[in-house]
Amino acid sequence: MTFLHLSFYSAFTLSSLGLAFHRMHLISALLCLESMMLSMYIALSMWPIQTQMTSSTLMPILMLAFSACEAGAGLAILVASTRTHGSDQLHNLNLLQC
Amino acid sequence: MNPQAKLISATSLFLGTSITISSNHWMMAWIGLEINTLAVLPLISKSHHPRAIEASTKYFLTQAAASTLLLFSSMTNAWFSGQWDITQLTHPMSCMLLTTAISIKLGLVPFHFWFPEVLQGSTMTTCLLLATVMKFPPITLFFLTSPSLNPTLLSLMAIASAALGGWMGLNQTQTRKVLAFSSIAHLGWMTIILIYNPNLTLTAFYLYTMTTSAIFFILNTTNTLKLSTMMTAWTKIPPLTTVFMLTLLSLAGLPPLTGFLPKWLIIQELTKQGLTIMATTITLLSLLGLFFYLRLAYCATITLPPNFINYTKQWQINKPTNILTTTLTTLSILLLPLSPMVFTVS
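Please read these numbers as outputs of a predicted model, since none were measured by experiment. (Residues numbered from 1 in each chain as written. Chains lettered and ligands numbered in written order. Predicted model: local features only at pLDDT ≥ 70, side-chain atom pairs only at ≥ 80, totals over all residues. Heavy atoms only, no water.)

## Quick look at the interface of chain A and chain B
At the junction of the two partners, chain A supplies 37 residues and chain B supplies 40 residues. Carbon and sulfur atoms supply 81% of the area that chain A and chain B bury against each other, a total of about 3500 Å² over both sides. It is Trp 47, Phe 66 and Leu 96 of chain A that lose the most area in chain A upon contact with chain B, and together they represent 22% of the buried surface on that side. Scanning the region where chain A abuts chain B turns up zero salt bridges. Applying the counting rule to chain A against chain B returns five residue pairs in polar contact (both at pLDDT 80 or more). If you list the elements that add at least two residues to the side of chain A that touches chain B, you get helix H1 (3-20), helix H2 (26-51) and helix H3 (58-85) of chain A. For the side of chain A that touches chain B, the per-class residue count stands at 26 nonpolar, ten polar and one charged. (Contact = heavy atoms within 4.5 Å. Buried area = accessible area lost by both parts, 1.4 Å probe. Salt bridge = Lys/Arg side-chain N within 4 Å of Asp/Glu carboxyl O. Polar contact = N/O pair within 3.5 Å; in protein donor to acceptor, adjacent residues only side chain to side chain. Helix = DSSP H or I, 4+ residues; strand = E, 2+ residues; numbered from the N terminus. Nonpolar A, V, L, I, M, F, W, Y, C, P; charged D, E, K, R; others polar.)

So, in structure tokens, the structure goes:
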């Protein structure tokens, strides 16, 4: 496994662990989601360089478009939850407990 | 909700589902899943109630993380095998990560924690969408990659889902949460047979969708969100409660109703493969589901409420019953004699 693979795996893993173990604020979870998307973007951009297949240069652009949409949706949800729950603290998301 | 926004959401749901189920490249599958997630978020949060916003937050975080994990697993597989074909998933770490990602999307144990809360926070129609349509693309991806998946992991998750769906559903009084746990239990049944006969997974899914849609439509007609409301629901449309009881028993898997067919075929296939202990375990665990379905049927049809009702039927309310309700309930009660057709088709 080359250094590139290691850096990509560790970036993605650290971001996903950050998303899984988010403690206080919703926005930190959204940031970790964005960094997962960023590491995926870098990995997908390396793909046409490694395989010398320029037709797959479309893939990072496509992924970026959808991750931008998702980021926008996440921020809209952040604003909506701040309006209804008062803050973006995750302690307050307890209305739906079993 | 704004009709144009509803149209865009509905069209995007169809588009996302079609893209994923007809895809050969992992990128297209991921795109379809993303479109589905983005399209259903306004449907969950359209009432701007705090519970709805909280449900949409939890839904968004889990689904987005699962989609990214799916893309990561396909990227890993592409690095090791050089291709992005969905049916050619070969690297074992990719297979495990893919199983995890799709389990998060479906709500299999141990990734089920978001599912009852999200269903509790949305309206009945949105619950129907979340429990049936949103499960279809991930199950399709399971179907396409089923030869490469790890049997031990899938069997463990399936039996745990059946167990947890049964046990957690016992203590619920809100009907949407009961249906959420019943969904988790049925997903366990669908997953246990995936390696051995993927066609049975799809058959179980289609019959489960049909029966659950019937239940959701009935609950939407009588507008019962909790068990205490269900006790007076029989006064609204008396024949509907009878049909409700039969549909619930079909969902529980009792012969001679339709819901028996997937369970029968799955037990037969598991026994043929020599996994009799697994078949016995999952059958015994579905008895827990039978208990809370019977409790729902009991509350709806057999008990009289403690308040004094001196008329047998309420003053006529002009709420037209959905035509789909009658079709789906008929199908979910009477379809068992057509079971030889399932043998010849699948």
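Anyway, onward from the coordinates.
## Focus on the nonpolar core
Residue and element names in this part refer to chain B. One finds Trp 26, Trp 30, Tyr 59, Phe 60, Leu 70 and Met 75 to be the most contacted residues of the largest nonpolar core, which totals 134 residues. For this core, the element with the most residues is helix H3 (residues 50-81), which contributes 14 residues. Counting only domains with at least three residues in this core, you end up with domain 1 (1-123) and domain 2 (150-345). Residues within four places of Trp 26 in sequence aside, it is in contact with Leu 70, Ser 74, Trp 84, Asp 85, Ile 86, Leu 89, Leu 98, Leu 141 and Thr 145. (Core = buried A, V, L, I, M, F, W, Y, C linked by side-chain atoms within 4.5 Å. Buried < 20%, exposed > 50% of the residue type's maximum accessible area, 1.4 Å probe, protein only. Domains from an automatic or database assignment.)

## Structural notes on the packing of aromatic side chains
Geometry of an aromatic ring pair is reported as the spacing of the ring centres plus the angle between the planes. The final tally for this structure, using the stated rule, is 15 aromatic pairs over all chains. Taken together, Phe 8, Tyr 9 and Phe 12 of chain A together with Phe 72 and Trp 79 of chain B form an aromatic cluster joined through their ring pairs. Here the basic side chain of Lys 135 of chain B rests over the ring of Phe 115 of chain B, its NZ or CZ set 3.9 Å away from the ring centre. One Lys or Arg, Lys 263 of chain B, reaches over the ring of Trp 189 of chain B and ends 5.2 Å from the middle of that ring. (Phe/Tyr/Trp six-rings, centres within 6.5 Å; stacked < 30°, edge-to-face > 60°. Lys NZ or Arg CZ within 6 Å of the ring centre and 35° of its normal.)

## Structural notes on the UniProt feature "transmembrane region" (unreviewed entry) in chain A
All names here are of chain A. Per the UniProt annotation, the sites labelled "transmembrane region" (unreviewed entry) are residues 6-22, 29-49 and 61-80. Between the first and last C-alpha atoms of residues 6-22 the distance is 24 Å; the span itself is 88% helix and 0% strand. With 100% helix and 0% strand, the stretch residues 61-80 has end C-alpha atoms that lie 29 Å from each other. (UniProt positions renumbered as here; feature names shortened; annotations may be inferred.)

## Points about the environment of Glu 34 of chain A
Residues and elements named next belong to chain A. Residue placement: Glu 34 occurs in helix H2. Taking C-alpha positions, Glu 34 is 14 Å from Ala 76, a pair spaced 42 residues apart along the chain. Ignoring any residue separated from it by four or fewer positions in sequence, one finds Glu 34 in contact with Ser 67 and Ala 71.

## What about the environment of Pro 60 of chain A?
Residue and element names in this part refer to chain A. Mapped onto the elements, Pro 60 comes out in helix H3. Overall, Pro 60 belongs to the buried group, its relative accessible area being 6%. Here the alpha-carbon distance between Pro 60 and Pro 48, two residues twelve residues apart in the chain, equals 9.8 Å. Ignoring anything within four residues of it in the chain, the contact list for Pro 60 reads Tyr 41, Leu 44 and Ser 45.

## What to know about the packing of helix H8 (residues 151-169) of chain B against helix H14 (residues 276-302) of chain B
All names here are of chain B. Where H8 meets H14, the axes come as close as 8 Å, and the angle between the chain directions of the two elements is 25 degrees. Taken together, the axes of H8 and H14 lie roughly parallel to each other. Pair H8 / H14 crosses with left-handed handedness. For the pair formed by H8 and H14, the contact residues are Ser 155, Ile 159, Ala 162, Ala 163, Gly 165, Gly 166, Trp 167 and Gly 169 on the first element and Met 278, Thr 281, Ile 282, Leu 285, Leu 288, Gly 289, Phe 292 and Arg 295 on the second. Taken together, the residues of the contact of H8 with H14 sort by class into nine nonpolar, six polar and one charged. (Axes fitted to C-alpha atoms, helices over the stretch in contact; angles between N-to-C directions. Parallel < 35°, antiparallel > 145°, perpendicular 65-115°, else oblique. Left-handed = near helix turned anticlockwise from the far one by under 90°.)

## Some words on the UniProt feature "transmembrane region" (unreviewed entry) in chain B
Under the UniProt annotation, the feature "transmembrane region" (unreviewed entry) is placed at residues 57-76, 96-115, 152-171, 178-196, 202-221, 233-254, 274-294 and 323-343 of chain B. Within residues 233-254 of chain B, the helical portion is 68% and the strand portion 0%, while the C-alpha atoms at the span's ends are 24 Å from each other.

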